[in-house]
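Structural characterization, general
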Amino acid sequence: MGKEFRGTIADQPDFDAGSDAEALYNAMKGFGSDKEAILDLITSRSNAQRQEIRAAYKSQYGKDLIDDLKYELTGKFERLIVGLMRPPAYHDAKEIKDAIKGAGTDEKCLIEILTSRTNEQIHNLVAAYKDAYGRDLEEDVIGDTSGHFKKMLIVLLQGTREEDDVVSEDLVEQDAQDLYDAGEAQWGTDEAKFIMLLGNRSVTHLQLVFDEYQKIAESSIEDSIKSELSGDFERLMLAVVQCIRSKPMYFAKRLYKSMKGLGTADNTLIRIMVSRSEIDMLDIRECFRLRYEKSLYNMIQDDTSGEYKRTLLNLCGGDDDIAGEFFPEAAQIAYKMWEISAMTKVQLRGTVRPYQNFDPASDAQALRKAMKGFGTDEDTIIDIVTHRSNAQRQEIRQTFKSLLGRELMADLKSELSKNLERLILGLMMTPAEFDAKMMKKAMEGAGTDEHSLIEILVTRSNQEIQEMCSAYQNAYKKSLEDAIASDTSGKFKRILISLAQGAREEGPVDMARALEDAQVLADACNADSDDMEDKFMSILCTRSFPHLRKVFQEFVRCSNKDFEQIIKKEMSGDFKNAMFAIVRSVKNQPSYFADRLYKAMKGLGTDDRALIRIMVSRSEIDLFNIRKEFKETHDATLHEFIQVLHILFWLSRGEQSV
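Residues numbered from 1 in each chain as written. Predicted model: local features only at pLDDT ≥ 70, side-chain atom pairs only at ≥ 80, totals over all residues. Heavy atoms only, no water.

- Going by the annotation in an unreviewed UniProt entry, the name recorded for the protein is Annexin, with Sinocyclocheilus grahami given as the source organism.
- Under the UniProt heading Sequence similarities (unreviewed entry), the entry covering the protein gives this text: "Belongs to the annexin family."
- Looking at the protein in UniProt, the text filed under Function (unreviewed entry) is "May associate with CD21. May regulate the release of Ca(2+) from intracellular stores." (UniProt positions renumbered as here; feature names shortened; annotations may be inferred.)

So this is what it looks like as structure tokens:
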């Protein structure tokens, strides 16, 4: 049996090339053109049928259809329609040509095309490039690139990767060990070994190699590439790995990055929508929803306009936000994502570490001098506070009092103002005092900052929560549990109070119990809303994070459903937000914080309280990891987003070697 068709554009039944050619001619003759008629016709025919239409158009009217379309249409809409009219190999050839012509090179375009095409598609691309431009593609790539990046591109251009059914079982363990020895296990990196193995072994074989590598290195092949390689070569090898794992997920990430933030990378958006519409767009859609909790259809709708938007939506083919179950490809990917999450041992790293030549008396004197007289030396205060660990800051507070007979916190409060004051005082508190203060701020006044309550209680360890509760009692003469009970209600209150006990289970995964919990959650999806929410809460609020990773993985197998989509569809309000936060934090806590930071800074205005809270609380724990996740998801560094706030820039800067 052939592979199931996973595209959104297929052959039109009762196709008549001559009739379609006439319809397009009529849509373009006279004053103006009927753009809707053009886009509706072209997006409802397969590429093979479009080539027949183009031939019929030439035969009937003696004109080239693409030339007429270029004349009648403009801008992004023209580029999209013309892209659809080219044969796939010629469309790829045009994209490659555009990527390497002129002064600069679009390396991301080269990477995307050459890492994602099959051997046959690569061979067709090389031939089309020669036919269209009279040039040798390999020679042009050699002339426009350099180093290991160039070497890997040339390997990919050969189109000689072993076919998917070629798995050398006796070589899987050896290849994994060779990759480990070429990178993590030695000083420096043997790039040639990475190029040889990742450029030639079959997809199926490499998937097994990556699993074996995870066992040897106790980290993913992606993390090793990020730590061992750099620049365009790093991006190229990561793309190879991502395409080996799942091309639909790779393209889902590329599509998301093309539309998020200010402006749209239209060339990328067009290229992917055109090239994948007859191959795997259904799987890309489902992977998009799986990763970004939003349908591709809705993101296109929000980010584009006019006939351009209508054409893209036709290629997309439907809105997945109403769905709850996985397509087969996405179910496998979801299961694998949770498996990788469970297997990966992440080394958490902060960006602020103890100062080596620490002298609390000298620091106390320097801070006092910075605040004496007319004006305040804010730069000195910032430099000292952000380059000392929290434990060292507590020593400075004590020394300031014993040496100078003054309260450092009171002096700082009187000398600084607004966000700088909040940030510096936050850094000078103990972590427990700071969290207690943030909880108090979230609940005082007319409104409640539910997102802050969720973020803190979901992400803190049992010990951190217990210390925060003690600090809250000491500072405000009231238990945190009583404060939560009086400020929240319903099942949201029950979640927060459960988390505030600081009694989440600890220890390794109990496999039998994880399978049982997964089945309970799967069965609960068919129960009434109240019962489902109670079952979800009883498991998500009490089990250890490693245990929940296994539960969520097995849930996919038990139900064929998207856990996060069920929460989105079946729950609402703050209860839904709390459930989401638990799942996201279990899956990848640094990624959860990266998303919180992005939301704090995107759009008009900045949620300064959230920004300060996360930067202060994570600076000695996992801010380095958060930075990596931020860059991975948003294709921009955390520095670029926050460097206008000088103090936050220094906090996030941390280790210079990154």
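**Re the overall build of the protein**
- Along the backbone of the protein there are 40 helices and zero strands.
- Whereas a compact globule of 658 residues would reach a radius of gyration of roughly 26 Å, the protein reaches 28 Å, a difference of no more than 12%.
- Referenced to the eigenvectors of the C-alpha coordinate spread, the extents of the protein come out at roughly 95 × 65 × 60 Å.
- For the protein, the residues scored as buried account for 51% of the 658 residues in total.
- Residue pairs at least 24 apart in sequence account for 74% of intrachain contacts in the protein once pairs closer than 6 positions are excluded.
- Here the protein has roughly 29200 Å² of accessible surface; of this, 47% comes from carbon and sulfur atoms.
- Separation between the mean location of the 89 positive side-chain charges and that of the 112 negative ones in the protein comes to 5 Å. (Helix = DSSP H or I, 4+ residues; strand = E, 2+ residues; numbered from the N terminus. Rg over C-alpha atoms; globule rule 2.2 N^0.38 Å. Buried < 20%, exposed > 50% of the residue type's maximum accessible area, 1.4 Å probe, protein only. Contact = heavy atoms within 4.5 Å. Areas by Shrake-Rupley, 256 points an atom, 1.4 Å probe, with all protein chains shown as cover. Lys, Arg positive; Asp, Glu negative; His and termini not counted. Charge placed at Lys NZ, Arg CZ, Asp CG, Glu CD.)

**A few points about the nonpolar core**
- L69, M273, M439, F536 and M579 are the most contacted members of the largest nonpolar core, which totals 193 residues.
- Counting residues per element, this core draws most heavily on helix α36 (residues 573–601), which supplies 14 residues.
- Beyond its immediate stretch of four places on either side in the chain, M273 contacts L255, M281, L296, I300, L312, L315 and C316. (Core = buried A, V, L, I, M, F, W, Y, C linked by side-chain atoms within 4.5 Å.)

**A look at unusual backbone geometry**
- Even without a glycine there, the phi angle at E218 is positive, about 55°.
- Along the chain, E218 falls in the loop between α13 (203–217) and α14 (221–228).
- Of note in this structure, K477 is not a glycine but carries a positive phi near 55°.
- Positionally, K477 belongs in the loop between α29 (462–476) and α30 (480–487).
- Here K477 falls in the exposed class, since its relative accessible area comes to 66%.

**With respect to the packing of aromatic side chains**
- Counted by the stated rule, this structure contains 15 aromatic pairs.
- Geometrically, the ring pair formed by F536 and F563 is stacked, given 5.1 Å between the ring centres and 10° between the ring planes. One end of the pair, F536, is in helix α33 (residues 529–540); the other, F563, is in helix α35 (residues 563–570), with 27 residues separating them in the sequence.
- Judged by its relative accessible area of 0%, F536 is buried.
- On the basis of an interplanar angle of 40° and a centroid distance of 4.7 Å, the ring pair of F552 and F563 is categorised as tilted. (Phe/Tyr/Trp six-rings, centres within 6.5 Å; stacked < 30°, edge-to-face > 60°.)

**Looking at the domain arrangement of the protein**
- Partitioning the protein into structural domains gives domain 1 (360–428), domain 2 (431–501) and domain 3 (593–603 + 614–653).
- Using only C-alpha atoms to locate each centre, domain 1 and domain 3 end up separated by 24 Å. (Domains from an automatic or database assignment.)

**Topic: helix α10 (residues 147–157)**
- Buried within α10 are the following residues: F149, M152, L153, I154, L156 and L157.
- Tucked inside the fold, the buried residues of α10 contact α7 (107–116), α8 (119–133), α9 (137–144), α12 (191–200) and α15 (231–245).
- G159 lies just past α10 and shows a positive phi near 60°.

**A look at the side chain of D283**
- Mapped onto the secondary structure, D283 falls in helix α18 (residues 281–292).
- Engagement of the side chain of D283 in a polar contact is seen with the side chain of R6, the distance being 3.1 Å. (Polar contact = N/O pair within 3.5 Å; in protein donor to acceptor, adjacent residues only side chain to side chain.)

**As for the side chain of T268**
- Inspection of the secondary structure puts T268 in helix α17 (residues 266–276).
- Residue classification places T268 among the buried positions, given a relative accessible area of 12%.
- In this structure, T268 is in contact with E112, R254 and S258, ignoring residues within four places of it in sequence.

**Some details on the pattern of salt bridges**
- Overall, the coordinates contain 47 salt bridges when judged by the stated rule.
- A salt bridge links D595 to R584; the nearest nitrogen and oxygen atoms lie 3.8 Å apart. The pair D595 / R584 is uniform in exposure class, with both members buried.
- In this structure, K599 engages D595 in a salt bridge whose closest nitrogen and oxygen atoms are separated by 3.1 Å. Taken together, the positions of K599 and D595, both in helix α36 and four residues apart, correspond to about one turn of that helix. (Salt bridge = Lys/Arg side-chain N within 4 Å of Asp/Glu carboxyl O.)

**Regarding the packing of helix α5 (residues 75–85) against helix α20 (residues 306–316)**
- For the pair α5 and α20, interaxial distance at closest approach is 8 Å and the crossing angle is 35°. The two elements α5 and α20 cross, and the hand of that crossing is left-handed. Note on element contacts: α20 touches α5 through E307, Y308, T311, L312 and L315, opposite K76, F77, L80, I81 and L84.
- Residues of the contact of α5 with α20, tallied by class, amount to seven nonpolar, one polar and two charged. (Axes fitted to C-alpha atoms, helices over the stretch in contact; angles between N-to-C directions. Left-handed = near helix turned anticlockwise from the far one by under 90°. Nonpolar A, V, L, I, M, F, W, Y, C, P; charged D, E, K, R; others polar.)

**Brief notes about the packing of helix α25 (residues 408–415) against helix α26 (residues 418–428)**
- In the contact formed by α25 and α26, the axes pass within 9 Å of each other and the chain directions differ by 170°. Put simply, α25 runs roughly antiparallel to α26. Residues L408, M409, L412 and K413 of α25 form the contact with α26, whose participating residues are E421, I424, L425 and M428. (Parallel < 35°, antiparallel > 145°, perpendicular 65-115°, else oblique.)

**Focus on the environment of R254**
- Examined against the element boundaries, R254 turns out to sit in helix α16 (residues 247–259).
- We classify R254 as buried; its relative accessible area is 15%.
- The spatial distance from the C-alpha of R254 to the C-alpha of G143 is 26 Å, given a sequence separation of 111 residues.
- Beyond its immediate chain neighbours, meaning those up to four positions away, R254 contacts K108, E112, T268, R271 and I272.

**Notes on α18**
- With 12 residues, α18 should reach 16 Å at 1.5 Å per residue; the first-to-last C-alpha distance of 16 Å fits that figure.
- α18 sits mainly inside the fold: 11 of its 12 residues count as buried.
- Looking only at α18, the buried set comprises M281, L282, D283, I284, R285, E286, C287, F288, R289, L290 and Y292.
- Following α18 by one or two positions, E293 has its phi on the positive side, about 55°. (Expected span 1.5 Å × (residues − 1).)

**Let's talk about the environment of E516**
- Residue placement: E516 occurs in helix α32 (residues 511–524).
- Of the residues examined, E516 reaches a relative accessible area of 52% and is grouped as exposed.
- The spatial distance from the C-alpha of E516 to the C-alpha of S585 is 22 Å, given a sequence separation of 69 residues.

**Quick look at the state of the cysteines**
- Taken as a whole and assessed by the stated rule, the structure comprises zero disulfides.
- Cysteine C243 remains unbridged, with the sulfur of C287 as its closest cysteine sulfur at 12 Å. (Disulfide = S-S within 2.5 Å.)

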